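As a plain string of letters, each chain reads:
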Amino acid sequence: METVQRIQDVYRPVDERVKDVKEVERPLTAVEIVAQAGRCSNCGVPFCHGAGCPLGNLVPEFNEAVAAGDIRKGYDIISKTAFFPEFTGRVCPALCESCCTRNLNDDAVMVRQVEKFMIETAFEEGWVSLPTAEPNGKTAAVIGAGPAGLFAAEALRRKGFAVTVYEKHEKPGGLLRYGIPNWKLEKQVIDRRVALLEAAGIKFICNTEIGKDISAEYIHRNFDYTFLAIGTPNARDLKIPGREAEGIYLALDYLHGAEMPDCKDPEKYNAKGKKVLIIGGGDTGNDCVGKAIREGCKSVLQVEFMPKPPETRSPSTPWPDWPYLLRTSYAHHEGGERRWNVSSKQFIVKDGHVAGVEAVRVEWDMSPLGKPLKPNEVPNSTEIIEADLVVLAMGFTGVPAEGLVNDLGLKLTPRTAIIPDPARNIYAVGDCANGASLVVRAMASAKQVVNRLK
Ligand SMILES: Cc1cc2nc3c(=O)[nH]c(=O)nc-3n(C[C@H](O)[C@H](O)[C@H](O)COP(=O)(O)OP(=O)(O)OC[C@H]3O[C@@H](n4cnc5c(N)ncnc54)[C@H](O)[C@@H]3O)c2cc1C
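These numbers come from a predicted model, not from an experiment.

Visitor: Mind laying out the site of the ligand, listing which residues take part and the relevant values?
Guide: Taken together, the neighbourhood of the ligand is formed by 42 residues, with Gly-144, Gly-146, Gly-174, Gly-231 and Gly-430 sitting nearest. Contributing elements (two or more residues each) for the shell around the ligand: α9 (147-158), α10 (175-178), α13 (251-256), α14 (283-294), α17 (431-434) and α18 (439-452). Classifying every residue of the shell around the ligand by side-chain character gives 24 nonpolar, eleven polar and seven charged.

Here's what the structure looks like:
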């Protein structure tokens, strides 16, 4: 009997997708999904569910239902643990797949695509409805409408709280909307979910920054519970000579700055005809590559300080750990070049505008298991990388120690994450509590904190 292989190419053709901003993945058919779910081994000890999924999704159970053709049952199973499978079904790196048992000597089951198929079928069939809740007479304010805030709000509502969400941007979604590009997650997917949450009774107050438009102390005084879900708004900067030049942007400004209501010059964030340099080799940098290509850049180079990861799982991260290995994203298939071991020393500035970066090569001392330990600059390796648009995609450093954190008299950890104060009913969830991470972890953090409430 022929065994079913994992479908390797789930993307629309490159030529087609770089001409639009629609989702890069093609929808898989019911026949494909049922066959893929059938690859699940239904292991005795399912690592995908235990070690793998921060939300504790019952992966083998829903795979079994879908493999039997019962999508409704699969949807009911995922709904027990996940409130928004349409987000993770699109953008999750699928920690569950990395520790799928099949991944030991074969390809993992396509859990993320099964998840997306179940929820999209549920929406199409009209199965999605939120449970009603008996009011408990208590109020909760959630500050920040990213995935953590949305999850906390819905979890609180299901416990009977009257919930109000405050969001400083024009619309809810956090980095789902103002970080992750449309071609990974179309924004009507967020609107569709927010409409359901509103209809279920959650109140959204947008365009309102707590700590500026309304004091955090006022919120705390007027609600029984205060949940901070403000993300990690501090982007890591590259403070080297020339940083003040025109044409150097933080990744989030490059990705979405032109869409912000107060943006006076959207064109400056457009890469059309420009030589683009992305500094930072992570997922955010990859999305910036995708944007530059869609805008018709002249060239795009992504540089990374760290060494090139191995092509296969490094022994430093044995199964079922999240593997340290080279990842090639959708954007890298679309074009551009990548380089590793590059340390930027100063920006080259001409007439006030960036013209490039002076960089040196580094070589890394490695641990016996292949983990990078210490960088060493290579003598005489200085080079000039030409660029007329530079994007800094080097991660986030946490929450500023002022504003609403100060208003509420809260403290930060050394990693600038908020330390909650449960004695005063103040909680922190998502990236602001745990550091910049993933959508699934942000939601799982909200779930754990709300579940612990009496
Ligand atoms: C470019 C990019 C791509 C990414 N891609 C992925 C991916 O593919 N998969 C993945 O899993 N993760 C991805 N991530 C990470 C993921 O988006 C975050 O981990 C996740 O969004 C964190 O959720 P959060 O709710 O804690 O914070 P956020 O999503 O940052 O939401 C915080 C919200 O709080 C609001 N806020 C802040 N301060 C205030 C205030 N004072 N008053 C009112 N509102 C306030 C903000 O406006 C924002 O809406 C990506 C991140 C970036 C930047």
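Having seen the structure, we can now continue with the description.
Visitor: Break down the environment of Ile-202 for me, citing the residues and quoting the values.
Guide: Locating Ile-202 in the fold gives a position in the loop between α11 (187-199) and β3 (203-205). With 24 C-beta atoms packed within 10 Å, Ile-202 lands in the buried category. A sequence separation of 45 residues divides Ile-202 from Arg-157, and the C-alpha atoms of the two residues are 7.2 Å apart. Excluding residues that lie within four positions of it along the chain, Ile-202 makes contacts with Ala-153, Arg-157, Val-163, Val-165 and Leu-197.

Visitor: Describe the domain arrangement of the chain, and please don't skip the residues or the numbers.
Guide: On domain assignment, one finds that the chain holds domain 1 (14-125), domain 2 (139-233 + 397-452) and domain 3 (237-394). Distance between the C-alpha centres of domain 1 and domain 3: 31 Å. Of the residues assigned to the side of domain 1 that touches domain 3, the class counts are nine nonpolar, two polar and no charged.

Visitor: Hey, could you go over the environment of Asn-103 for me, with residue numbers and the actual values?
Guide: Structurally, the position occupied by Asn-103 is in the loop between α7 (95-98) and α8 (111-125). Considering only alpha carbons, one finds Asn-103 and Pro-320, 217 residues apart in sequence, at a separation of 8.8 Å. Setting aside its immediate chain neighbours within four residues, Asn-103 contacts Glu-97, Ser-98, Ala-108 and Trp-319.

Visitor: I'd like a rundown of the pairing of strand β14 (residues 389-392), residues and numbers included.
Guide: Burial along β14 is two-sided: the face carrying Leu-389 and Val-391 and the face carrying Val-390 and Leu-392 are both buried. Pairing between strand β6 (residues 248-250) and β14: three bridges, direction parallel. Of the residues in β14, the one forming a bridge with Tyr-249 is Val-391. Two strands pair when backbone bridges link them, and strand β7 (residues 275-279) and β14 are joined in this way by four bridges, in the parallel orientation. Residue Ile-278 lies in a different strand from β14, and its bridge partner there is Val-391.

Scoring rules and cut-offs
- Residues numbered from 1 in each chain as written.
- Predicted model: local features only at pLDDT ≥ 70, side-chain atom pairs only at ≥ 80, totals over all residues.
- Near = placed C-beta within 6 Å.
- Helix = DSSP H or I, 4+ residues; strand = E, 2+ residues; numbered from the N terminus.
- Nonpolar A, V, L, I, M, F, W, Y, C, P; charged D, E, K, R; others polar.
- Buried ≥ 20, exposed ≤ 12 C-beta atoms within 10 Å, placed from the backbone.
- Contact = placed C-beta atoms within 7 Å.
- Domains from an automatic or database assignment.
- Pairing = 2+ DSSP bridges.

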